[in-house]
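What the coordinates show
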Amino acid sequence: VARQSSRRLVLVELNRLMLERSELDGSNGEVVLARDDRRARHVREQIWREKTTATLRVGVVDGGVLDACGASLRADGSVVLETNAGARRALGALAPRPGLDVLLAVPAPLRLKRLLPVISSLGVDTLWLVGARRSDRAFFGASLLRDLPRWTKNAGTIHPTEARGRLRELLVEGAEQSGFAAIPRLALVSSLSTALRAIDNRTDLVKCAAHPDRGDDFTVLHHPSGDIVRVPRPLTTADLFAMRPPPPDARLLLAVGPDRGWDEPDELSLFAKHGFHLVTLGPRTLRTDVALVSLIALLSDRLAEARRPLSP
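Below is a short write-up of the structure. (Residues numbered from 1 in each chain as written. Predicted model: local features only at pLDDT ≥ 70, side-chain atom pairs only at ≥ 80, totals over all residues. Heavy atoms only, no water.)

1. Section: the environment of A297
Stated formally: Working definition: helices are DSSP H or I runs of at least four residues, strands are E runs of at least two. Numbering for both runs from the N terminus.
With respect to the helices, strands and loops of the structure, A297 is situated in helix α9 (residues 288-307). Put simply, A297 and L148 are 149 residues apart on the chain and 27 Å apart in space, counted from C-alpha to C-alpha.

Dropping the structure here:
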């Protein structure tokens, strides 16, 4: 789909057409994508061009997928997807949920818009957006987050919710890119401590917090007390999983802070209190998006390796 912005034309490639479940439930043997639907435009202009009938890779958001869905192009430019009984059974299934959750210090709105499709395409089950000492509280007021319930310190049990509106569109864009139908559920939490208390009851999680490697003897001044406090040295993901191999059914939680990192030592101590391991990509202080994508890829690979059946 060619999407016009104020600066340039942006081309978004769809590797799988994603439907909402309501579109499938309301169909009677076929789903019709209207001429001006972005998915129909993509089929006409990017996939088929001169074709009028073929098969398409189709999926339902948080549902099933089909790699060869019969489809045809009508004279009016609309696209018809054949949803016979077999297709409906395949698409009506529930999508398997990824084994990785992410806890992310709320970034600037423009960066969040860029990150959400990437996070969705890499495979994340729940995305916790939280406040941090070194992040700007004004980011919580972004229009993008307006429809998302905001949990405060007085909240009871926190329930991640399905994204709506523009948030959902960005997450679905990531699913269209990856070809996998599950999109992240979201929780917007005012403070890190509130989010960590809510996560405490999850005993199935291997919890990791990203932080630069400062070396063995790095210390900082703890301002309230005036004490000099040693900052614990984080592990590489390889060292962490060598020391603590995850069971096949393990789930991972990755916490990534703002560009300036988690506060030393208070937030790092808070992570330790709640059972997190510090993990690192080395001594460099990386931008949030770089650290996030790199560590999701590494941890997803480690998780897949743990779940891989042993060779006979």
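2. Let's talk about the sheet that holds strand β3 (residues 17-19)
Put simply, the test is: At least two bridges found by DSSP between two strands is the condition for calling them paired. To get an axis, fit a line to the C-alpha atoms, keeping to the stretch in contact for a helix; angles then go from 0 to 180 degrees between the N-to-C directions. Any pair of residues with heavy atoms lying within 4.5 Å of one another is described as a contacting pair.
Spatially, the 5 strands line up as an open sheet ordered β3-β5-β6-β7-β4, and their pairing is mixed. Unpaired on one side and paired on the other, β3 and β4 (30-33) mark the two borders of the sheet. Pairwise comparison of adjacent strand axes, ignoring direction, gives a mean angle of 40° for this sheet. Helix-sheet contacts for helix α2 (residues 38-48) involve β3, β4, β5 (53-60), β6 (65-73) and β7 (79-82), and the interaxial angle to β5 is about 135°.

3. A word on the nonpolar core
Rules: Residues belong to one nonpolar core when they are buried, are Ala, Val, Leu, Ile, Met, Phe, Trp, Tyr or Cys, and are joined through side-chain atoms within 4.5 Å. We call a residue buried when its accessible area falls under 20% of the maximum for its residue type, exposed when it is over 50%, and partly exposed in between, using a 1.4 Å probe and counting protein chains only.
Formed by 45 residues in total, the largest nonpolar core has its most connected members in L104, L116, L127, L129, L145, L167 and L292. The element contributing the most residues to this core is α9, with 6 residues. Residue contacts for L129: discarding those within four places in its chain leaves L104, V106, L112, L145, A187, L188 and V189. Core analysis: the second largest hydrophobic core is formed by 25 residues, L192, L205, V220 and L278 among them.

4. Brief notes about the side chain of T194
Operational definition: Here a polar contact is recorded for every N or O atom pair within 3.5 Å, except that within protein the pair must consist of a potential hydrogen donor and a potential acceptor, and residues adjacent in sequence are included only if both atoms are side-chain atoms.
On the secondary structure map, T194 appears in helix α6 (residues 192-199). In this structure the side chain of T194 is engaged in a polar contact, spanning 2.7 Å, whose partner is the side chain of S191. Setting aside residues no more than four positions away along its own chain, T194 makes contact with T152, K153, I158 and V189.

5. Points about the sheet that holds strand β16 (residues 277-279)
Strand order across the open sheet formed by 7 strands is β10-β11-β9-β8-β15-β12-β16, with parallel pairing between neighbours. A strand with exactly one partner marks an edge of an open sheet, and here the two such strands are β10 (150-151) and β16. Two elements, strand β8 (residues 100-105) and strand β15 (residues 251-256), share 5 bridges in a ladder whose sense is parallel. Each residue of the ladder has a partner; that of D101, found in β15, is L253.

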